[in-house]
Amino acid sequence: MSSLSPYALTALIGAAIIVVLLLLPRLLGRRSRSKGGWSVLVMGAAGAGKTTLFLRLRDGKLRNTVTSMQPNEGKVEVGDKKRVTVIDLPGHARLEATYFEREVVNAKGIVLVVDSVNFNATKEEFARHMYRLLTSPVVRGRGVPILVACAKSDSSKAHTTEFIRKRTEKMINELYHQDVGDSMRGDDNAQEHHILSAAGGDFKFEDLAVKRRFHRPVKVQFEHVSSVKGDGIDKVVEFIAAC
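Now for a description of the structure that goes with this document. (Residues numbered from 1 in each chain as written. Predicted model: local features only at pLDDT ≥ 70, side-chain atom pairs only at ≥ 80, totals over all residues. Heavy atoms only, no water.)

### Focus on the packing of aromatic side chains
Definition in use: Ring pairs shown here join Phe, Tyr and Trp side chains whose ring centres sit within 6.5 Å, with only the six-membered ring taken for Trp; geometry is labelled stacked below 30 degrees between planes, edge-to-face above 60, and tilted in between. Helical segments are the DSSP runs of H or I of at least four residues, strand segments are the runs of E of at least two, and each set is numbered from the N terminus. For every residue, the accessible area obtained with a 1.4 Å probe (protein chains only) is divided by the maximum for its type, and the residue is called buried under 20%, exposed over 50%, and partly exposed between those limits.
For the structure shown, the criterion picks out four aromatic pairs. Ring centres 5.2 Å apart and planes at 65° place the aromatic pair Phe-205 and Phe-222 in the edge-to-face group. Here Phe-205, found in the loop between α7 (190–193) and β6 (220–224), pairs with Phe-222, found in strand β6; they are 17 residues apart in sequence, far enough to count as distant. The class of Phe-205 is buried, set by a relative accessible area of 3%. Owing to a relative accessible area of 11%, Phe-222 belongs among the buried residues under this scheme. Taken together through their ring pairs, the aromatic side chains of Phe-119, Phe-126 and Phe-163 make up a single cluster.

### A few points about the pairing of strand β4 (residues 107–115)
Note the following rule: Two strands form a pair only when DSSP identifies at least two bridges running between them.
With respect to burial, β4 is a largely interior element, nine of its nine residues being buried. Bridge analysis of strand β1 (residues 39–44) against β4 gives six bridges, and the strand direction is parallel. Residue pairing in the sheet places Gly-44 in a bridge with Val-113 of β4. Examined bridge by bridge, β4 and strand β5 (residues 146–151) share six bridges and lie parallel to one another.

### Digging into the environment of Lys-75
Using the following cut-off: Only heavy atoms matter for contacts: two residues are in contact if any of them lie within 4.5 Å across the pair. N or O atoms within 3.5 Å of each other form a polar contact, as long as, within protein, one can give a hydrogen and the other can take it, and as long as residues adjacent in sequence are counted only when both atoms are side-chain atoms.
Following the sequence through the fold, Lys-75 ends up in strand β2 (residues 72–77). Considering only alpha carbons, one finds Lys-75 and Asp-59, 16 residues apart in sequence, at a separation of 9.0 Å. Once residues within four sequence positions are removed from consideration, Lys-75 is found in contact with Arg-58, Arg-83, Val-84 and Thr-85. Engagement of the side chain of Lys-75 in a polar contact is seen with the side chain of Thr-85, the distance being 2.7 Å.

Here's what the structure looks like:
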């Protein structure tokens, strides 16, 4: 094998240095997060009550909120002097997607907030949100549990958790078939690759509890939550503590 010329060797070393400099901030950021331990993510569309819930969990009381382009992070006490890191991701779709990819690697649980009053107006966005979580390799590969916090439940116009659950199942089923289409029709192994349902037929959240090849069971629970009155906050704290 012929040796490299001094010019080629210099160019190779220079390219290696550039690659290291480009990757170093990301590697350091990942190491820093890993040293900080596991976390629970709070996600949801802007206006759903996501940050209000986060502040209620962190501070134990209501606070005024403003739209943020950066994640909010804090410690939530879950009993026996145990404190868990909770990260509130921005509600803007593009920003949330970016931060989700960064933070999900250390997530031991996800709280997905939906506006139970304006659900009919936001149901498609919420279903896409849930579908993205349920098809995440990290969420499915590690079996990350999800709590759906149906916020603003103190309103007389709030929809029930059962209504939100059933409508979401229907829309996720439609999204899956739009995504996959007929690509697996006639394939004897199609069901093995059906990432949302092990039993076939229409999608149900219960299907996610079935142990699958390459996928761990994922528990999804729906709870009514009112950050104003404090209703359901104990359920969220219990979820965080159990993650």
